[in-house]
Amino acid sequence: MKSPFNKFIYIGFLLLGLFQIIVSKDYMQASSSLGIGLAFDPFDLNQKWNDRPNWQKAVLIVNLALVAATFGFGIGLNDR
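Residues numbered from 1 in each chain as written. Predicted model: local features only at pLDDT ≥ 70, side-chain atom pairs only at ≥ 80, totals over all residues. Heavy atoms only, no water.

1. What about the nonpolar core?
Among the nonpolar cores identified, the biggest contains five residues, and these are I21, Y27, A30, L34 and V67. If one sorts the elements of this core by residue count, helix α2 (residues 27–39) sits on top with three residues. Look past the residues within four positions of A30 in its chain and what remains in contact with it is G17, Q20, I21 and T70. (Core = buried A, V, L, I, M, F, W, Y, C linked by side-chain atoms within 4.5 Å. Buried < 20%, exposed > 50% of the residue type's maximum accessible area, 1.4 Å probe, protein only. Helix = DSSP H or I, 4+ residues; strand = E, 2+ residues; numbered from the N terminus. Contact = heavy atoms within 4.5 Å.)

Written out as structure tokens, the structure reads:
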């Protein structure tokens, strides 16, 4: 499923998630938006994980960490 729009969709979901974190403070919705963005891998899908450059791996791992952090933060805030 490689399309030229994967990068735009990925960036769109990333920006939407950051908007939801910064402006609307809706961390659970931001977590899902950032997670959906990971489904649209902006890099070459035919390239295996071990063959990818380290910076591409870092981008995806940081995105996944941001998903986990916002999810945990959203659960923690709803725990009041």
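2. Observations concerning helix α3 (residues 54–77)
Between its first and last C-alpha, α3 extends 34 Å over 24 residues, near the 34 Å set by a 1.5 Å rise per residue. Taken residue by residue, α3 has Q56, K57, L60, N63, V67, T70 and G74 as its buried positions. Each element contacted by the buried residues of α3 is listed here: α1 (6–22) and α2. (Expected span 1.5 Å × (residues − 1).)

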